[in-house]
Every structure is written in structure tokens, then in C-alpha cells.
Amino acid sequence: MVYYAGVDLGATNVRAVVAEADGTRIGTNRRSTPRGPTGIDVTEGVLRTLRGACAEAGIDPQRIAATGIGSIGPFDLAEGAVIDPANLPDSIDRIPLTGPISELIGSDDVFLHNDTTAGVIGERFHADRNPDDMVYVTISSGIGAGVCCDGEVVGGWDGNAGEVGHYVVDPRGRLTCGCGHEGHWEAYCSGNAIPDYARLLAEDDPTISTSLPLEGPDFTAKDVFELAGEDELADYVIEQLAHWNAIGVTNVIHAFAPLVVSFGGAVALYNEELVVDPIRERVSEMVMTNVPEIRVTDQGDDVVVEGALASALTEGTGDRRRLRE
Ligand SMILES: [Zn+2]
């Protein structure tokens, strides 16, 4: 019997799952992402996590036929490594992944994807119709998309396709993105950006009442969503977020003609009615082509690790016809 594995390397946690050839999970493991000092320490954390999942499954890692990885980027794809990740300490300049994992499992079948691409692979794999055209959009600390178009998972030459969070949605460029440019979608609507955006809207119209702790050090996006329906500014922020989110998603739909757009990431997952439902309503009025199904992932926080596993099971595609049973 052969086995398959999926690994999710995030800035906070590393997760691994081991499964049988039909996708049934038999082992999982999770630990904090090592904060260095070097990238090799992160690599070792990933290997420990994968070994931990194998131990729970009661199998030797060498019995794993293929492993998918969904990871923070950016990548050196030729080397199968993460290079200068944004949300880990500066001393971490390079995290080798595909080589060491390939050695651990004794197989060259290691598929490295950014986390949103892993997301679309998993969403496609688990979707009712296993569609050839699908987009996964994450709204979390940042915004990004994984795209499958005409059955091809879109990567780009450097693996950086799908950086839709850096679409310009506001040509006035009132907020500066973490990437240094202005007016980007995620500069308004990501979990990290929402507090700044709320402060900007409060400055625009000082007559709007609010009990949001705008200047407090602990003010987060969660505070805005918690006061929905009770606070004038919170409701205005949520309405404006819907405006920019709908522009971003409309651009995605016009670019890729998906049958399904699936959302994940904490901001979308935990605020479906306030974030995703308004996108669905607005997009149907804004799209001039076919309007796709707009949904929230059923995989919750497991969407990346499930996608990584689906990649291993289907040779990096999420296409169920390629299951190697
Ligand atoms: Zn940007």
C-alpha cells in the first residue's frame, strides 16, 4: 500500500497530514513554525512535523509516494525553496523544502505551491463537479488567489501568479499597501488593513458616531465585525469593504471565467454574512460575463493542508481523474 502526504507551511504553524490513496487521513501533526535562527531550522521543523504525522499513521516516511506542499512564499522554484519570507525573522533567508522532503520520503514526487494555489487544488478536488475552471480567494492577513483555468493550475514562470491582492482597486491610492504601492485591494480589505481603513473613514466624516477603539493599540478587524449592526462606523466600514471586495472579485472573474469562486482565510471564513454574502450580491450586478457560484470553503482552516494533500494525490492538479488508485 502506498501513502500520500500534504504539508502546510505558514508563518505561524506547520501542519502535515498523511493519507491513504483514496484521501482518507490516517495521521496528522501540527507545531509552531520555528522562528529560525536560520531557514534550515524551519526546514527541520517541517520534516519533524511530517515525521510526526507518519508516526501517528504508523508508517515509515519512505512509504509515502508523493507529497504536496502549500507554503508561504516567495519561492525559488528551481531550487524548491522559500526565499526571504515576509513574516518570519530577517535571519531566515532561505528555506529548502522539496529536496529535504524528497529525501525523507524517498520519492521525487514533491509538489511545491504557494498557499493559495494549494487552496484552489484542494477546492477543485473536493468540489462536487471537480470543475476545470475555479478560483480560490483568501482574505486573511493578506489577499491572494489560486487559479485553475481550463484544467491547468496557473503558476506563472516564478510561481507568483494570482497575486490579486495587489490589483489596484482605488486609483486615488488613499492607502499604501504593505508592498509599498498605493490603492491595492489588500491595502483596504485584508485583516491587517481594516483598522487603518476604519481610521481613514472616521477622519473623512467626523460626524459618524462610533465606539470602535480606533486609536487603541489592540484595535483589530475583529472589533469592526463584532460591532456590525450596532455601530454606525463599523457598518460603514463593512459596506465600503464590500465595495472594494466586489471590484476585486469582479476583476478576477473577468480575467479567468471561473465556474466557482471559493473563499477562505479568517476574514471570509468567520464573517461569511458580512463579507462574502455582500460580494455575491454586488458581483451579480457588476459582471458582464457568466456569474460564477460564490461560496466559502468547507475545509475551514484545513484548506491549505487539504489542498497540499490533494496535490500529492493528483500530481499537482486537483483533477480527480488523475487519482493514482
Ligand atoms: Zn500591494
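Residues numbered from 1 in each chain as written. Predicted model: local features only at pLDDT ≥ 70, side-chain atom pairs only at ≥ 80, totals over all residues. Heavy atoms only, no water.

Draft legend 1. A look at the overall build of the chain. The number of helices and strands found in the chain is 10 helices and 13 strands. Scaling as 2.2 N^0.38, a compact globule of 325 residues should have a C-alpha radius of gyration of about 20 Å, and the chain matches this with 20 Å. The dimensions of the chain, computed from C-alpha atoms along their principal axes, are 65 × 45 × 35 Å. Relative to its 325 residues, the chain shows a buried fraction of 55%. If you average the places of the 22 positive and of the 53 negative side-chain charges in the chain, the two averages end up 5 Å apart. (Helix = DSSP H or I, 4+ residues; strand = E, 2+ residues; numbered from the N terminus. Rg over C-alpha atoms; globule rule 2.2 N^0.38 Å. Buried < 20%, exposed > 50% of the residue type's maximum accessible area, 1.4 Å probe, protein only. Lys, Arg positive; Asp, Glu negative; His and termini not counted. Charge placed at Lys NZ, Arg CZ, Asp CG, Glu CD.)

Draft legend 2. Main features of the pairing of strand β12 (residues 260-264). Where burial is concerned, most of β12 is hidden: 5 out of the 5 residues are buried. Residues of β12 alternate between two faces, with Val260, Ser262 and Gly264 on one and Val261 and Phe263 on the opposite face, all of them buried. Inspection of the sheet shows strand β9 (residues 134-139) paired to β12 by 5 bridges, in the parallel sense. Looking across to β12, one finds that Thr138 is bridged to Gly264. (Pairing = 2+ DSSP bridges.)

Draft legend 3. Expanded view of the pairing of strand β4 (residues 64-71). Counting buried positions along β4 yields 7 of 8 residues, so the element is predominantly enclosed. As defined by bridge partners, strand β1 (residues 3-9) adjoins β4 across 7 bridges and the pair is classed as parallel. Counterpart to Leu9 in the pairing with β4 is Ser71. Direction of pairing for β4 relative to strand β8 (residues 110-114): parallel, over a ladder of 5 bridges. Within β8, the position partnered with Ser71 by the bridge is Asn114.

Draft legend 4. View of the coordination of the zinc ion. Those protein atoms acting as donors to the zinc ion are His166 (ND1), Cys177 (SG), Cys179 (SG) and His184 (ND1), and they sit at 2.0 to 2.3 Å. Because the angles between the 4 donor atoms bound to the zinc ion fall within 101 to 118°, the donor set is best described as tetrahedral. The motif formed by the donor residues of the zinc ion, counted along the single chain, is H-x10-C-x1-C-x4-H. With His166 in the loop between β11 (152-153) and α4 (185-189) and Cys177 in the loop between β11 and α4, this pair connects stretches of sequence that are 11 residues apart. The class of His166 is partly exposed, set by a relative accessible area of 26%. (Donors = N, O, S within 2.8 Å, 3.2 Å for Na, K, Ca; no water. Tetrahedral: all angles 85-135°; square planar, octahedral: opposite > 155°, others 65-115°.)

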